[in-house]
Amino acid sequence: MARPTVIKNPEDPLTSLEADGTLAFDRFVTFKVNQLSMAFERQWTRYMRDRAGMSLAQWRIVATLAGAGPCTFTQVVQRTGMNKSLCSRCVASLEAEGFLESHPTPGDSRSLTLSLRRKATKLIDQLRPVVLERQRMLLESLTASERIALYSAVDKLHAAAARWEQRDDKDGGESSAA
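Remember, predicted model here, so these are calculated numbers, not experimental data. (Residues numbered from 1 in each chain as written. Predicted model: local features only at pLDDT ≥ 70, side-chain atom pairs only at ≥ 80, totals over all residues. Heavy atoms only, no water.)

Asker: Tell me about the packing of helix H3 (residues 56-68) against helix H6 (residues 118-140), and name the residues and values.
Answerer: One can describe the packing of H3 onto H6 by two numbers: an axis separation of 11 Å at closest approach and a directional angle of 95°. In terms of orientation, H3 lies roughly perpendicular with respect to H6. For the pair formed by H3 and H6, the contact residues are Trp59, Val62 and Ala66 on the first element and Ala120, Ile124, Leu127 and Val131 on the second. Taken together, the residues of the contact of H3 with H6 sort by class into seven nonpolar, no polar and no charged. (Axes fitted to C-alpha atoms, helices over the stretch in contact; angles between N-to-C directions. Helix = DSSP H or I, 4+ residues; strand = E, 2+ residues; numbered from the N terminus. Parallel < 35°, antiparallel > 145°, perpendicular 65-115°, else oblique. Contact = heavy atoms within 4.5 Å. Nonpolar A, V, L, I, M, F, W, Y, C, P; charged D, E, K, R; others polar.)

Structure representation (structure tokens):
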């Protein structure tokens, strides 16, 4: 994959969009975020497959439970952003491989609570230095003010995406777009 070029004096894409009503596809915020996400996923998918024999989706479930503690299946779906069927398949394989266990949720016979087993905590302890080093390398590529701005911007984009989804729900899915 070719390295993206760093634009020294980037133009505000909204200014361009408002000026002439157009925006090059490679300047779409959704495109740029997706390209970055795909690059991160490729790296970590390969690493997890080669070092841990685990898919990225499985790792996300393990990492979620490591951070949050025992959670219901529904909570894991919400926290990871996975669709239910993928999450269900991953949970089943993680359970079969001895990484997690499920128990009926007290007070809700239809719900399962998931928790990590010793095998998963050992894997997390083994991977923690690499995970933290990767985060350090990524964060060090930005200045302190850029890091703060990035986290703020991502939070705002999440909120905007939620607003779009609410709008999409209200009009029956007619407004889905790039």
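Asker: Could you give an account of a nonpolar patch on the surface, naming the residues involved and the relevant values?
Answerer: Nonpolar side chains collect at one region of the surface, where Val29, Val33 and Leu157 lie side by side and expose about 240 Å² of accessible area between them. Along the chain, valine 29 falls in helix H2 (residues 29-52). In this structure valine 29 comes out as partly exposed when scored by relative accessible area, which is 46%. (Patch = residues over 30% accessible without salt bridge, like charges linked within 9 Å, V, L, I, M, F, W, Y side chains within 5 Å. Areas by Shrake-Rupley, 256 points an atom, 1.4 Å probe, with all protein chains shown as cover. Salt bridge = Lys/Arg side-chain N within 4 Å of Asp/Glu carboxyl O. Buried < 20%, exposed > 50% of the residue type's maximum accessible area, 1.4 Å probe, protein only.)

Asker: Provide a residue-level description of the pairing of strand S3 (residues 108-116), including the pertinent values.
Answerer: On any regular strand, side chains alternate: one points to one face of the sheet, the next to the other face. Alignment of strand S1 (residues 71-72) against S3, held across two bridges, turns out to be antiparallel. Directly across from cysteine 71, in S3, lies its bridge partner leucine 114. Pairing geometry for strand S2 (residues 100-105) and S3, over six bridges, is antiparallel. Directly across from proline 104, in S3, lies its bridge partner leucine 112. (Pairing = 2+ DSSP bridges.)

Asker: Any chance you could break down the packing of H3 against helix H4 (residues 73-80) for me, citing the residues and the numbers?
Answerer: One way to put it is that H3 packs onto H4 with a least axis distance of 10 Å and a crossing angle of 105°. With respect to their mutual orientation, H3 and H4 come out roughly perpendicular. Residues Arg60, Ile61, Thr64, Leu65 and Ala68 of H3 pack against Val76, Arg79 and Thr80 of H4. Among the residues forming the contact of H3 with H4, the class breakdown is four nonpolar, two polar and two charged.

Asker: Could you give an account of the nonpolar core, naming the residues involved and the relevant values?
Answerer: Of all hydrophobic cores here, the largest spans 27 residues; its most connected members are Met48, Met54, Trp59, Ile61, Val62 and Leu65. Of all the secondary-structure elements, those providing two or more residues to this core are H2, H3, H4, helix H5 (84-96), S3 and H6. Broken down by element, this core gets its largest block of residues, six residues, from H3. The contacts of valine 62, once residues within four sequence positions are left out, are Met54, Leu94, Leu116, Ala120 and Ile124. (Core = buried A, V, L, I, M, F, W, Y, C linked by side-chain atoms within 4.5 Å.)

Asker: Could you give an account of helix H1 (residues 13-20), naming the residues involved and the relevant values?
Answerer: Residues separated by three or four positions in an α-helix point in the same direction, a consequence of the helix having 3.6 residues per turn. The backbone nitrogen of leucine 14 lies 3.0 Å from a side-chain oxygen of the residue at the head of H1, namely aspartate 12. Directly beyond the C-terminal end of H1, a positive phi value near 75° is found at glycine 21. (Polar contact = N/O pair within 3.5 Å; in protein donor to acceptor, adjacent residues only side chain to side chain.)

Asker: Can you lay out the packing of aromatic side chains for me, pointing to particular residues and giving the numbers?
Answerer: Scanning all chains against the criterion turns up four aromatic pairs. Ring pairs connect the aromatic residues Phe25, Phe28 and Phe31, which therefore count as one cluster. Directly above the ring of phenylalanine 99 sits lysine 119, whose terminal nitrogen or CZ lies 4.6 Å from the centroid. (Phe/Tyr/Trp six-rings, centres within 6.5 Å; stacked < 30°, edge-to-face > 60°. Lys NZ or Arg CZ within 6 Å of the ring centre and 35° of its normal.)

Asker: Got a sec to walk through the side chain of glutamine 58? Specific residues and values, please.
Answerer: Within the secondary structure layout, glutamine 58 lies in helix H3. With residues up to four places along the chain from it excluded, the contact list for glutamine 58 reads Cys90, Ser93, Leu94 and Glu97.

Asker: Outline the sheet that holds S1, listing residues and values.
Answerer: The sheet built from three strands is open, its strands ordered S1-S3-S2 with antiparallel pairing. A single partner strand is all that each edge strand has here, and the edge strands are S1 and S2.

Asker: An account of the confidence of the model for the chain is requested, with residue identities and associated values reported.
Answerer: Confidence in the prediction for the chain averages 89 pLDDT; 90% of positions are at 70 or higher. Here H1 is the element of the chain with the lowest mean pLDDT, 85, and H5 is the one with the highest, 97. (pLDDT = per-residue confidence, 0-100.)

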